[in-house]
Amino acid sequence: MHVDASVLGARSVSRELSAAVVQAWRGATPSLEVVYRDLARTVPPQLTEESVAAIKFGAVPSTDAAADLAVMEELLVEFLAADAIVIGAPMYNFSVPTQLKAWIDALAQPGRTFAYTPQGPRGLAGGKRVIIVSARGNNYSQPPMSSKDFQEPYLVTVLNFMGISQIDIVRAEGVNLSPAHRDNAIQQARRDIAALFTSASIAEVSPA
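Residues numbered from 1 in each chain as written. Predicted model: local features only at pLDDT ≥ 70, side-chain atom pairs only at ≥ 80, totals over all residues. Heavy atoms only, no water.

(A) Structural detail: the packing of aromatic side chains. A complete count under the given rule lists five aromatic pairs for this structure. Ring centres of Trp25 and Phe197 lie 5.3 Å apart, and the angle between their planes is 65°; on these two criteria the pair is classed as edge-to-face. On the criterion of sequence distance, the pair formed by Trp25 in helix α1 (residues 13–28) and Phe197 in the loop between α6 (179–196) and α7 (200–203) is long-range, its members being 172 residues apart. Phe197 matches Trp25 in its accessibility class, with the two residues each being buried. Site record: aromatic cluster; members linked through ring pairs are Phe114, Tyr116 and Phe161. Positioned over the ring face of Phe79 is Lys128, at 5.3 Å from the centre of the ring. (Phe/Tyr/Trp six-rings, centres within 6.5 Å; stacked < 30°, edge-to-face > 60°. Helix = DSSP H or I, 4+ residues; strand = E, 2+ residues; numbered from the N terminus. Buried < 20%, exposed > 50% of the residue type's maximum accessible area, 1.4 Å probe, protein only. Lys NZ or Arg CZ within 6 Å of the ring centre and 35° of its normal.)

(B) Expanded view of the pairing of strand β7 (residues 166–173). Where strand β6 (residues 129–136) lies against β7, eight bridges are found, and the strand directions are parallel. The residue bridging Arg136 from the neighbouring strand is Glu173, located in β7. In this region the chain leaves β6, passes through helix α5 (residues 152–161) and returns to the parallel neighbour β7; the handedness of that crossover is right-handed. (Pairing = 2+ DSSP bridges. Right-handed = clockwise from strand over helix to strand, strands pointing away.)

By themselves, these are just geometric observations and shouldn't be taken as functional.
Okay, here's the thing in structure tokens:
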């Protein structure tokens with residue numbers, strides 16, 4: 001599965017690099033099938049009081065809420081069916097785009113992707129491999145700026161909570177500092193993608 005969330009269209013670094021990851025994966029596994037989801041063009045519904053009441057308490061939704069719930073179910077079924085997922089995830093205002101957050105909110109449902117147990121929360125969506133393609137305007141990998149990174153740690157945390165531990169990050173940062181920084185960051189990310197797919201453990205997983 002290939003997911004993009006940037007609102008920048010053809011100007012987006014995360015879109016360029018997430019496409020490069022999928023292309024490299026196709027090269028490693030020519031038979032793979034890829035489902036594409038553009039969250040900026042088909043925006044997931046936001047959680048509402050009605051949708052949460054229906055999901056959590058079984059309340060009967062209104063017609064509008066039922067339509068939102070149908071979309072959320074479609075997103076969740078699509079996610080659960082995928083063996084591997086490439087997520088294009090730009091940093092917006094130190095976190096993730098609202099479209100990506102809404103997608104995650106649709107996925108994070110008790111009894112579907114996680115469960116509460118007497119021993120604590122347990123992820124139910126394990127066995128998937130995820131590659132996060134992270135694009136950031138500034139450099140956030142090292143202190144002091146790393147304390148302002150609520151993008152990559154959030155994504156890793158929520159995926160871990162769902163039981164997903166096989167996570168790789170391809171990162172392009174500092175892309176807004178100058179044209180040279182942008183070009184260098186993209187080139188380095190492309191080298192990282194090439195290196196990632198020299199691993200048999202990556203190539204053997206076919207994203208659906």
